[in-house]
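Coordinate inspection notes
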Amino acid sequence: MAHIIAVAGKGGVGKTTLSGMLIQSLGKMGKTPILAVDADANSNLNEVLGVEVEMTLGDVREEIARAENSVKNPIPASMSKADYAEIMFQRCLIEDDDFDLLVMGRTQGKGCYCYVNGLLQSQLQKLVPNYKYMLVDNEAGMEHISRGILPKVDTIILVSDCSRRGVQAAGRIAELTRECNMNPKTMGLIVNRAPEGKLNAGTMEEIEKQGLTLLGVVPHDEQVYEYDCDGKPTVSLPDDSPVRLALNEIINKLSL
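The notes below deal with the structure included here. Residue positions are given per chain, counting from 1 as you read along its sequence in written order. Per-residue local features of the predicted model are confined to residues with pLDDT of at least 70, and side-chain atom pairs are confined, for both listing and counting, to 80 or more; whole-chain, interface and lining totals are unaffected and use all residues. Side-chain measures here rest on the full set of heavy atoms in the structure, leaving out hydrogens and waters.

1. Quick notes on the overall build of the protein
Each helix corresponds to a stretch of at least 4 residues labelled H or I by DSSP, and each strand to a stretch of at least 2 residues labelled E; elements are numbered beginning at the N terminus. Regarding its fold elements, the protein presents 10 helices and eight strands. Computation of the radius of gyration draws on C-alpha atoms alone. For the globule rule, the value is 2.2 Å times the number of residues to the power 0.38. The C-alpha atoms of the protein give 19 Å as radius of gyration, which agrees with the globular expectation for 256 residues (18 Å, within 12%). Along the first, second and third principal axes, the C-alpha set of the protein runs to 65 × 40 × 35 Å. Accessible area is worked out with a 1.4 Å probe on protein chains only. A residue is then buried under 20% of its type maximum, exposed over 50%, and partly exposed in between. By the burial criterion, 52% of the 256 residues in the protein qualify as buried. When contacts within the protein are restricted to residue pairs at least 6 apart in sequence, long-range pairs at least 24 apart make up 77% of them. Computed with the Shrake-Rupley method and a 1.4 Å probe, the accessible areas treat only the protein chains shown as cover for residues. Here the protein has roughly 12300 Å² of accessible surface; of this, 47% comes from carbon and sulfur atoms. A positive count includes Lys and Arg, and a negative count includes Asp and Glu. His and the chain ends are not counted in either. In this description, the location of a charge corresponds to atom NZ of lysine, CZ of arginine, CG of aspartate or CD of glutamate. Computing the positive centroid from 26 side-chain charges and the negative centroid from 35, the protein places the two 5 Å apart. When checking whether two residues touch, look at their non-hydrogen atoms; a contact exists if any pair is within 4.5 Å.

Take a look at the structure:
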């Protein structure tokens, strides 16, 4: 069974950027095979990793419905609907050198994400035995934790910016994790985009108030912003990038 790492926090704190760089670091350390999971309906982990996505789990239902109603390209008569769906699921898994990527995506039009969440849960249960590590970039908030979509969690990395609201959101996720009896071996906080890599007294006070273990601080780096604006994958940052160096220290502390 894979060692499952879940990355969680409120929106806009840089979870996806850090997730992509953590996946790359694990690959460089030889901790493969890795399953990278973009569990956000507004998916963009592939952009951080620099890979193209052919199909998401959210596309599967629309593709099956199209084939069922198509005269030109129907589901083959010799194939069951379940077998056809399995072929679609295989197309959702993007293979790269050090990792495979599964993207949740979203369904089209109105409605909730219950269907695609269910697909994600079933596919993760099927895939997780095939990997040494699985890193899940969760959507903003607490839904995937409260729904129990992940089969288990060994390490939870909570991400916040320097704001009290971000730290408070991380604290609420930590509390929900305990309420759901997920029992991760490790759970801690990374504070991202800190000016000069330093935290002020107010942020430290809130971290202590929330009872969070501080794993490390990642400095603000203008180069990350520039890469994003230029459409460059963040994982192509140079080896001496302050963000990369800070994350390497955190990974060494985690002893993954």
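2. Overview of the layout of surface pockets
Cavity and pocket criteria rest on a 1 Å grid covering protein atoms alone: a 1.4 Å probe that fits but cannot get out defines a cavity, protein on both sides within 12 Å along at least 5 of 7 lines defines an open pocket, and an atom within 4 Å of a point defines a lining residue. Grid points are joined across faces, edges and corners, and a volume is the space filled by probe spheres set on the points. In this model, the largest pocket occupies a volume close to 680 Å³. Breaking the lining of the largest pocket down by element, the ones donating at least two residues are helix H1 (15-28), helix H2 (45-49), strand S5 (133-138), strand S7 (186-194) and helix H9 (222-230). For the lining of the largest pocket, the element with the most residues is H1, which contributes four residues. Nonpolar residues are Ala, Val, Leu, Ile, Met, Phe, Trp, Tyr, Cys and Pro. Charged residues are Asp, Glu, Lys and Arg, and all others, Gly as well, are polar. For the lining of the largest pocket, the residue count by class is nine nonpolar, 13 polar and 11 charged.

3. Focus: the pattern of salt bridges
What counts as a salt bridge is simple: a side-chain nitrogen of Lys or Arg found within 4 Å of a carboxyl oxygen of Asp or Glu. Tallying each qualifying case throughout the model produces eight salt bridges. A salt bridge links Asp154 to Lys152; the shortest N-O distance between them is 2.4 Å. For Arg164, the salt bridge goes to Glu205, with nearest N and O atoms at 3.0 Å. Of this pair, Arg164 sits in helix H7 (residues 164-179) while Glu205 sits in helix H8 (residues 201-209), and the two are 41 residues apart along the sequence.

4. A closer look at the packing of aromatic side chains
Side-chain rings of Phe, Tyr and Trp, where Trp is taken by its six-membered ring, are said to pair if the distance between their centres is within 6.5 Å; with planes under 30 degrees apart they count as stacked, over 60 as edge-to-face, and otherwise as tilted. As enumerated under the stated definition, the model contains zero aromatic pairs in all. In this arrangement the basic side chain of Lys232 is found over the ring face of Tyr227, its NZ or CZ atom lying 5.0 Å from the centre. Note on criteria: charge over ring means Lys NZ or Arg CZ within 6 Å of the ring centre, with the direction from the centre no more than 35 degrees off the ring normal.

5. Notes on the sheet that holds strand S2 (residues 34-39)
The eight strands lie next to each other as S3-S4-S2-S5-S1-S6-S7-S8, forming an open sheet whose pairing is mixed. Here the strands that pair on one side only, and so sit at the sheet edges, are strand S3 (93-95) and strand S8 (214-219). In this sheet, neighbouring strand axes are inclined to one another by 20° on average, regardless of whether the strands run parallel or antiparallel. Two strands pair when backbone bridges link them, and S7 and S8 are joined in this way by four bridges, in the parallel orientation. What sits directly across from Ile190, in S8, is Gly216. Here, any two strands with at least 2 DSSP bridges between them count as paired. Note on geometry: axes are C-alpha line fits, over the in-contact stretch for helices, and angles between N-to-C directions span 0 to 180 degrees.

6. Re the packing of H7 against H8
Running from amino to carboxyl end, H7 crosses H8 at an angle of 15°, the nearest separation of the two axes being 9 Å. The angle between the axes of H7 and H8 places the two elements in the roughly parallel class. As for the relative orientation of H7 and H8, their crossing is right-handed in sense. Residue-level inspection shows Arg164, Val167 and Gln168 of H7 in contact with H8, the latter providing Gly202, Thr203, Glu205, Glu206 and Ile207. Split into classes, the residues belonging to the contact of H7 with H8 amount to two nonpolar, three polar and three charged. When an angle is under 35 degrees it counts as roughly parallel; over 145 it counts as roughly antiparallel; between 65 and 115 it counts as roughly perpendicular; any other value is oblique. Crossings are classed by handedness, with left-handed meaning an anticlockwise turn of the near helix from the far one by less than a right angle and right-handed meaning a clockwise turn.

7. So, a negative patch on the surface
A surface patch of like charges, here negative, comprises Glu47, Glu52, Glu222, Glu226, Asp228 and Asp230. Structurally, Glu52 can be placed in the loop between H2 and helix H3 (57-68). To count toward a patch, a residue needs a relative accessible area over 30% and no salt bridge; like charges are then connected within 9 Å, while nonpolar side chains (Val, Leu, Ile, Met, Phe, Trp, Tyr) are connected within 5 Å.

It is worth stressing that arrangement in space is one thing and function is another; only the former is reported here.
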